[in-house]
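# Architecture and fold: a report
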Amino acid sequence: MDPECARLLPALCAVLADPRQPVADDTCLEKLLDWFKAVTEAGSSLLLLQENPCLVELLFHVLKPQDLSSRILSFALRLAGTFAAQENCFQYLQQGELLPGLFGEHGPLGAAAWAAPTVRSGWIQGLRSLAQHPSALLFLADSGAVDTIFSLQGDPSLFVASAAGQLLVHVLDLAMRGPAKGHGRLQAQDWPACAQRIVCHLEDCLCSEAAPRVTQALHVLTTAFGHCHGLWTQGLWVQLSPLVARLLEKDPMPAPHALVELLLSVARSSVPSSNPGLWETAAQTLSRLSPMQAGPLAAGILKLQDCPQALRTQAFGVLLRPLACVLEATAQAPGTPGLLEGAAGDPMAVDMLPPSKSACVGLLCSTLAHLELLQPLPQRPSPWPQAPLLAAAVTILRFCNGSAAPSSEVGGRLCAMLVGCVRVQRAALDFLGVLSQGLGPRELVTQVFAVLLEYLMSPDSSPTVLKKAFQATLRWLLSSAVPPGCCDLEPRAQLVLRELLAVLQKRLCSPCWEVRDSGLEFLTQMTRRWGGQAGFRQTLLASEVPKLASQLLQDPESYVRASAVAAAGQLSSQGLLAAPSSPEHPAGPQTPLEELLLVLTTDSEGFPRRAAMRVFTEWLRDGHMAVAEDRERFMARVLQAASGDLDWEVRVQGLELALIFLQQLLGARSPGAAPPGALAQALRALCRVQLFEFAFRSLFDCDRPVAQKSCDLLLFLRAKAAPSSSPQEAGDSPDVAPVEAALQRWRAGEQGQPLGELAPEAVLAVLRSMDLEALRDTLAESSDHVERSPQSLLQDVLAAVGVLGDNEADCY
Amino acid sequence: MKLYCLSGHPTLPCNVLKFKSTTIMLDCGLDMTSTLNFLPLPLVQSPRLSNLPGWSLKDGNVFLDKELKECSGHVFVDSVPEFCLPETELIDLSTVDVILISNYHCMMALPYITEHTGFTGTVYATEPTVQIGRLLMEELVNFIERVPKAQSASLWKNKDIQRLLPSPLKDAVEVSTWRRCYTMQEVNSALSKIQLVGYSQKIELFGAVQVTPLSSGYALGSSNWIIQSHYEKVSYVSGSSLLTTHPQPMDQASLKNSDVLILTGLTQIPTANPDGMVGEFCSNLALTVRNGGNVLVPCYPSGVIYDLLECLYQYIDSAGLSSIPFYFISPVANSSLEFSQIFAEWLCHNKQTKVYLPEPPFPHAELIQTNKLKHYPSIHGDFSNDFRQPCVVFTGHPSLRFGDVVHFMELWGKSSLNTVIFTEPDFSYLEALAPYQPLAMKCIYCPIDTRLNFIQVSKLLKEVQPLHVVCPEQYTQPPPAQSHRVDLMVDCQPPAMSYRRAEVLALPFKRRYEKIEIMPELADSLVPMEIKPGISLATVSAVLHTKDNKHVLQPPPRPAQPTGGKKRKRASDDIPDCKVLKPLLSGSIPVDQFVQTLEKHGFSDIKVEDTAKGHIVLLQEAETLIQIEEDSTHIICDDDEVLRVRLRDLVLKFLQKF
């Protein structure tokens, strides 16, 4: 601890111990605890307490019956726990009977303060920190704390209850870790007494008739198997699995969700390697749970790396069952190949779908979400029933828009429940998009595009559904390139494209801005992918879409304008944007470049301006024609606009653009310095576009990222120029005084001052004279590095109290 | 209670309810889809229409070629359009006491009923309903009268000839009853019979029933009606909406506890969500105009047009359409736009509050002020000077058979740049377009029907829980084109009773109580006797006096004093003989105790038999039988009056008398 902090510490302790001076800010206490934790981790706690007796005094002070706030009490409990984590310090505190006072029955536990959840939480967290060594275990056993933890599991405050469960796991782990070392697996009767008590308590809970107690025990076990990796966990499962299995036989099954969590936690641990009985329990659970409850278990099982094939097949069957029902509900002839063909499952229970709308919707959504997560995994079930899954997704979407023809009573019910259900529509569209990773039979893929087009065309599709439909369509278009990886659209996709553009045309005129926005995003992505392909170009140019997209540059909604900028940039890159001529502004800008410059200089919102900068950066990088024509003029105009922008992201983008320009002039690839001739030429060009004024000015920008970017840019330039101090430069030294004077003024905050004409030589000289590395390091520190020091924290706490005092004095 | 169903159109209902002693007509809708069988009436001479070839029978017979014309494979009647009236033969309409109107679309047949059936009653409607209804009628009459047509075709209506015609003429129903449009004079006379009412106002009908209009949320002044007596309540729900549009929201709470709920006027396009359709309307409008095309919106002069103008008000600037002119052409355009602004108390809360700012409740005022929206009575006159393209034109009639819309269809139909957007759900757009084929202009169908859909109906019924629901048969099965959509029908328990045109329904509901007042002096004389805790009875002798469907119990006249017998009694002094009243009995006879009592009184050899209705006590010795039932006891003995009286007295001991 630095001396300054040590000096402030007694005052701080006095403030904390004084009930008349409440610490207003809770976060201060948290920060203090963090700091103490860091200090104790770095050195000896015992030494710390000995050198700063005020800390022990504070802890003793807390023990006195008084009107101390519950926050301070909680703080003291946690602080004591932090100190006592080291065994010698624990013993030191024990000598003073401080720990029994704080954590024993005569401490806050028996006092009125216990009613405050913060105190109970502090008590638990204190013990959690303290329980790190065998002495702590003894203390816990002797002080009766374990019983208190048991009771806190049912605490009305969820935070307290959950922390109590975790503490129990921690104590159990601590108790088992010691003896287990070197002994491998122990028999239950050899477990330490403390561990036996906890396990006994868990057994009682598992046998209890009260569902909350069962749930508590299951939660504790889930945490134990999830976080503890000792071999003892295997013994624990052997001991408790019969009780868990007995839960399965109860009707109704208590705490099904917690049970699923536990089984998955055990399955992911080292238990299954030695105890294959787990798989039987899992299989039994799968068959006992309702479809809604079994879904998470089935999905969890399928995500496991090693698990018996039979169980995987069963789990997949469970997961697929709702979709199989959907397919069955529209099957024209009985016995149509369904989803569960080949998969072991009980004879198709078509009527397994829940009768209520919300339950049915929930089941379908969660099934689709599970399958969506499974699809990309290497351990997903194989063979993957791609075709029936596609058919199911299409059928669900058809049910949702009312176009499915149900063939049974269940189908009729499904139809009535799903029509217009946005939740299911979104889930099914997401899933359909993911399925594009696999192939499908030709006629099914045709159906996929048909249903996607139906959604895109339907006036009833909500904006979020439309967005998802656009995304899924893009994914399917991408996957239908032939051969895979080729950028040409296959003929069928080409047909779809024509209809798509007609829809897009209408969507770009939608009164709902979200729809216009997602339409533009879709257009940008399509153009990026297929802009070079003749078929696409022809179809796009034959439509009104490019014209509409550029008209949306004037949209009243800034997000839409930003997307329109991106779309126009992409269209223009591919030569797909005719000269914009808006009927509203016949005298307006004539080229896309002018149009985007207008956005950059005049748009009142940041998003469109940032989008314009991104487009310019891309154009420069890719050598867009409009840029290549007169690169310097382009740079000069954009940098001028960007440097004066109020949005720091635009300025950073401007510097990024400048960096690319620089790299293009000086060669980014070659690591060394640029050849002198090229350098001189480049410097002159940089001066002409006034890049230096922008870069130097940005060094002192009030927004740190801008200054950092500028620093990087200038460092790059200096690296390219450094060793090449040409003879003529060495001869007559340039006049750097005006530049340095300007820099001084900018540093002082007088940003209005112009730099004036710059000579390349002067720039180089200034660059070399500046300590850019130091500047970079300073900027790399977070902006609150001064304010975050412990000293400042202590001062803040004291000042806050002091200020309170001042105000009181002012009142008189 | 009976319901006479005079119209088969579920959204243009006309039903007659006989309830207690009243005969109440519920709405007076006019089915105008019949006009789709006629050729359009062009405002300006149309060579295309006048040169259509006459239609000839298969055998080449051309005697109908003056009446029927052929256009792109469809056959149309070349005559003044005619309307299909409500059934007039099912019930004598002169007996109708009152007509209740629920909204301005449902009163279009009023002149036919009030002027030609001997109707002498009163019509009840809210003020906006009457004013806007008048506008609709005025527009209709104007559209038809300003293009006089000499010819009136009737030959084709001959049943034998009609059979030979192609569809849909062949299948048109009751063509003999189709009538030409009424005159303005008839309209005025019909409207003069209307009495204005306000929401929640209680109107007594002959003391028998009370009728009350409630806000239905569908249109300005639109109402549902409660028809109730003291012990019965019938709700009539017609054209209601739960969406937030311009009218006052629907009053659902007052519909609770109905014995019968008559449900009509649901959305005609249950699969089209109005919000989505408005979006579709705006997108297509913008797309057309941006491409330099014109947009034609066939519409009524009031209703959805207010909401469309409001949406466009918000949309046109964002879509960059502020320089595009919007024209509203109707003989009543000006009145409609102005009326909408003055019925503040009939508007939704948001619009009502604007009035206090003060601002016009509808933003179309601003559109007019800034010259973005211009309105004209017809295409003649000022409009032709101001007309600028591309533009958007709102005009009637949505059937495309008459009105200024006919002119624009002829004018713009040939160019694929132009678009006609159908927003009114009343007419099939394909049938409406049939006489304009071949047509190059784009057609967009965005029906905007804000009336209740089936999901809303099912929620409404769950909430108000009527005992019985009665609705048109169309609502009790899924639409024929979507037979799998079981969600598109009224779903309630017990299942709804359905009706169709020309059907008489006996409503599944029996009246059991009637309210009778007791005069105070008579009430004073009553001596109630408590027979069960909380239930007291008293006998009363009184004269029941009934007048104007009100029943009053008055004290009976005093018994005549003996008058000495000399004077002759005047006839008017005659009073009915008041017989000595026997006491009324109540209670039941516990058989076991009764048997014990009999034994105590010396009867022996008693046998008790249980019967379906009670018990038979057999006194075998006395050859007597006592039959005890729930509401009667019979003592059957052979001419032994003494025994009978003895037994009677024993029976009476167990009963209470008062």
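Please read all numbers here as calculations on a predicted model, not as lab measurements.

## Details of the overall build of chain B
In terms of regular secondary structure, chain B is built from 17 helices and 33 strands. By the compact-globule yardstick of 26 Å for 658 residues, chain B is too spread out, its C-alpha radius of gyration being 34 Å. Among the 658 residues that make up chain B, the fraction classed as buried is 51%. Accessible area for chain B stands at about 30,800 Å²; split by element, carbon and sulfur atoms hold 51% of it. Put simply, chain B has 58 plus and 71 minus side-chain charges, and the middle of one group is 3 Å from the middle of the other.

## Digging into the overall build of chain A
From N to C terminus, chain A includes 43 helices and zero strands. When each of the 812 residues of chain A is scored for burial, the buried share is 53%. By sequence separation, contacts in chain A at least 24 residues apart represent 73% of the contacts at least 6 residues apart. Carbon and sulfur atoms form 55% of the exposed surface of chain A, whose accessible area is close to 35,600 Å².

## Some remarks on the confidence of the model for chain B
In low-pLDDT regions, the fine details of the predicted coordinates are not to be read closely. Summing up the model confidence of chain B, the mean pLDDT is 91 and the portion of residues at 70 or higher is 97%. Interface confidence in the predicted complex, given as ipTM, is 0.77; pTM for the same model is 0.82.

## Considerations on the packing of aromatic side chains
All names here are of chain B. Using the criterion set out here, one finds 34 aromatic pairs over all chains in the structure. Ring geometry for F594 against F654: centres 5.9 Å apart, planes inclined by 80 degrees, an arrangement best described as edge-to-face. With F594 in helix α16 (residues 591–600) and F654 in the loop between α17 (641–653) and β33 (656–657), this pair connects stretches of sequence that are 60 residues apart. Classification of F654 by relative accessible area gives partly exposed; the value is 22%. Taken together, the ring pairs in this structure connect Y327, Y376, F383, F387, F408 and W412 into an aromatic cluster.

## Regarding the layout of surface pockets
All names here are of chain B. Taken as a whole, the second largest pocket spans an internal volume of roughly 830 Å³. Along its surface, the second largest pocket is lined by 28 residues, and P10, Q268, I269, P270 and Q474 are the ones closest to its centre. Of the residues contributing to the lining of the second largest pocket, the split by class is 16 nonpolar, 10 polar and two charged. Each of domain 1 (2–30 + 84–149 + 178–267 + 451–504) and domain 2 (274–445) contributes no fewer than three residues to the lining of the second largest pocket.

## A few points about unusual backbone geometry
Glycine aside, residues mostly have negative phi angles, and peptide bonds mostly take the trans form. All names here are of chain B. Cis geometry marks the peptide bond from Q437 to P438; its omega dihedral reads -10 degrees. Positionally, P438 belongs in the loop between α13 (429–433) and β19 (442–445). In this chain, Q493 is followed by P494 through a cis amide linkage whose omega measures -10 degrees. Checked against the element boundaries, P494 lands in the loop between β20 (468–472) and β21 (497–499). One non-glycine residue, N257, lies in positive phi territory at about 60 degrees. Checked against the element boundaries, N257 lands in the loop between β12 (233–238) and β13 (260–264). Not every positive phi belongs to a glycine, and N371 is a case in point at roughly 65 degrees.

## Quick word on the side chain of Q341(B)
All names here are of chain B. Along the chain, Q341 turns up in helix α8 (residues 333–342). Of note is the side chain of Q341, whose polar atom sits 3.0 Å from the backbone nitrogen of F362. Looking at Q341, its side chain comes within polar contact range of the side chain of H364, at 3.3 Å. Excluding its chain neighbours within four sequence positions, the residues that come into contact with Q341 are P360, P361, F362, H364 and A365.

## Focus: the state of the cysteines
This structure, assessed with the given rule, holds zero disulfides over all chains. In this model C89(A) remains outside any disulfide bridge; the closest cysteine sulfur is found in C54(A), 14 Å from its own. According to the relative accessible area criterion, C89(A) is buried, its value standing at 0%. With no disulfide of its own, C446(B) lies closest to C282(B) among cysteine sulfurs, the gap being 9.2 Å. In this structure C446(B) comes out as buried when scored by relative accessible area, which is 0%.

## Quick notes on empty space enclosed by the protein
All names here are of chain B. This structure, assessed with the given rule, holds eight cavities of 30 Å³ or more. A volume near 190 Å³ is recorded for the largest cavity. By residue class, the composition of the lining of the largest cavity is eight nonpolar, eight polar and five charged. Two domains each put at least three residues into the lining of the largest cavity: domain 1 (2–30 + 84–149 + 178–267 + 451–504) and domain 2 (274–445). Size it by volume and the second largest cavity reaches roughly 140 Å³. Forming the boundary of the second largest cavity are 15 residues, of which M32, H105, Y300, H397 and D426 lie nearest the centre. Of the residues assigned to the lining of the second largest cavity, the class counts are eight nonpolar, four polar and three charged. Inspection of the lining of the second largest cavity shows a minimum of three residues originating in each of domain 1 (2–30 + 84–149 + 178–267 + 451–504) and domain 2 (274–445).

## A look at the UniProt feature "domain: Beta-Casp" (unreviewed entry) in chain B
UniProt marks residues 305–433 of chain B with the feature "domain: Beta-Casp" (unreviewed entry), using the numbering shown here. Counting secondary structure, residues 305–433 of chain B comes out at 43% helix and 12% strand; the distance between its end C-alpha atoms is 21 Å.

## A word on the nonpolar core
As a rule of thumb, nonpolar side chains are buried together in soluble globular proteins. M526(A), F616(A), F696(A) and F394(B) are the most contacted members of the largest nonpolar core, which totals 397 residues. Looking at which domains feed residues into this core, each of domain 1 (2–30 + 84–149 + 178–267 + 451–504) and domain 2 (274–445) of chain B supplies at least three. When residues no more than four places from it in sequence are discounted, the contact partners of M526(A) are L474(A), L477(A), L497(A), L500(A), L501(A), L504(A), G531(A) and F536(A). Core analysis: the second largest hydrophobic core is formed by 26 residues, L3(B), V234(B), L505(B) and L507(B) among them.

## Some thoughts on a negative patch on the surface
Residues and elements named next belong to chain B. Where like charges cluster on the molecular surface, the negative patch consists of E623, D638, D639 and D640. Mapped onto the fold, D640 is located in the loop between β32 (633–636) and α17. D640 gets classed as partly exposed once you look at its relative accessible area, which sits at 34%.

## A few points about the packing of helix α40 (residues 737–747) of chain A against helix α41 (residues 760–769) of chain A
All names here are of chain A. The contact between α40 and α41 brings their axes to 9 Å, and the two run at 55 degrees. The angle between the axes of α40 and α41 places the two elements in the oblique class. The element α40 and its partner α41 pack so that their crossing is right-handed. For the pair α40 and α41, the contacting residues are V739, E740 and L743 in the first and A762, V766 and S769 in the second. Across the contact of α40 with α41, the residue classes tally to four nonpolar, one polar and one charged.

## A word on the environment of T233(A)
All names here are of chain A. Mapped onto the elements of the fold, T233 is located in helix α14 (residues 232–249). As for T233 and V271, which are separated by 38 residues in sequence, their C-alpha atoms are 7.0 Å apart. Not counting residues up to four positions away in its chain, the partners in contact with T233 are A224, F225, C228, S270 and V271.

## Some details on the pairing of strand β1 (residues 2–5) of chain B
Residues and elements named next belong to chain B. Pairing between β1 and strand β2 (residues 15–19): four bridges, direction antiparallel. Residue K2 lies in a different strand from β2, and its bridge partner there is K18. Here β1 runs beside strand β22 (residues 503–506); their pairing, made up of four bridges, is antiparallel. Among the inter-strand pairings, K2 is bridged to a residue of β22, identified as A506.

## Considerations on the interface of chain B and chain A
Counting residues at the interface gives 23 residues for chain B, matched by 24 residues for chain A. The largest share of the area that chain B buries against chain A comes from L287(B), R290(B) and H484(B), three residues that together contribute 31% of it. At the boundary of chain B with chain A, the tally comes to one salt bridge. Its salt-bridge partner being K506(A), residue E280(B) comes within 2.5 Å of it at the nearest N-O pair. On inspection of chain B and its partner chain A, the count reaches six residue pairs in polar contact (both at pLDDT 80 or more).

Scoring rules and cut-offs
Residues numbered from 1 in each chain as written. Chains lettered and ligands numbered in written order. Predicted model: local features only at pLDDT ≥ 70, side-chain atom pairs only at ≥ 80, totals over all residues. Heavy atoms only, no water. Helix = DSSP H or I, 4+ residues; strand = E, 2+ residues; numbered from the N terminus. Rg over C-alpha atoms; globule rule 2.2 N^0.38 Å. Buried < 20%, exposed > 50% of the residue type's maximum accessible area, 1.4 Å probe, protein only. Areas by Shrake-Rupley, 256 points an atom, 1.4 Å probe, with all protein chains shown as cover. Lys, Arg positive; Asp, Glu negative; His and termini not counted. Charge placed at Lys NZ, Arg CZ, Asp CG, Glu CD. Contact = heavy atoms within 4.5 Å. pLDDT = per-residue confidence, 0-100. Phe/Tyr/Trp six-rings, centres within 6.5 Å; stacked < 30°, edge-to-face > 60°. 1 Å grid on protein atoms, 1.4 Å probe; cavity = no way out; pocket = protein on both sides within 12 Å on 5 of 7 lines; lining within 4 Å. Points joined across faces, edges and corners; volume = space filled by probe spheres on them. Nonpolar A, V, L, I, M, F, W, Y, C, P; charged D, E, K, R; others polar. Domains from an automatic or database assignment. Polar contact = N/O pair within 3.5 Å; in protein donor to acceptor, adjacent residues only side chain to side chain. Disulfide = S-S within 2.5 Å. UniProt positions renumbered as here; feature names shortened; annotations may be inferred. Core = buried A, V, L, I, M, F, W, Y, C linked by side-chain atoms within 4.5 Å. Patch = residues over 30% accessible without salt bridge, like charges linked within 9 Å, V, L, I, M, F, W, Y side chains within 5 Å. Salt bridge = Lys/Arg side-chain N within 4 Å of Asp/Glu carboxyl O. Axes fitted to C-alpha atoms, helices over the stretch in contact; angles between N-to-C directions. Parallel < 35°, antiparallel > 145°, perpendicular 65-115°, else oblique. Left-handed = near helix turned anticlockwise from the far one by under 90°. Pairing = 2+ DSSP bridges. Buried area = accessible area lost by both parts, 1.4 Å probe.

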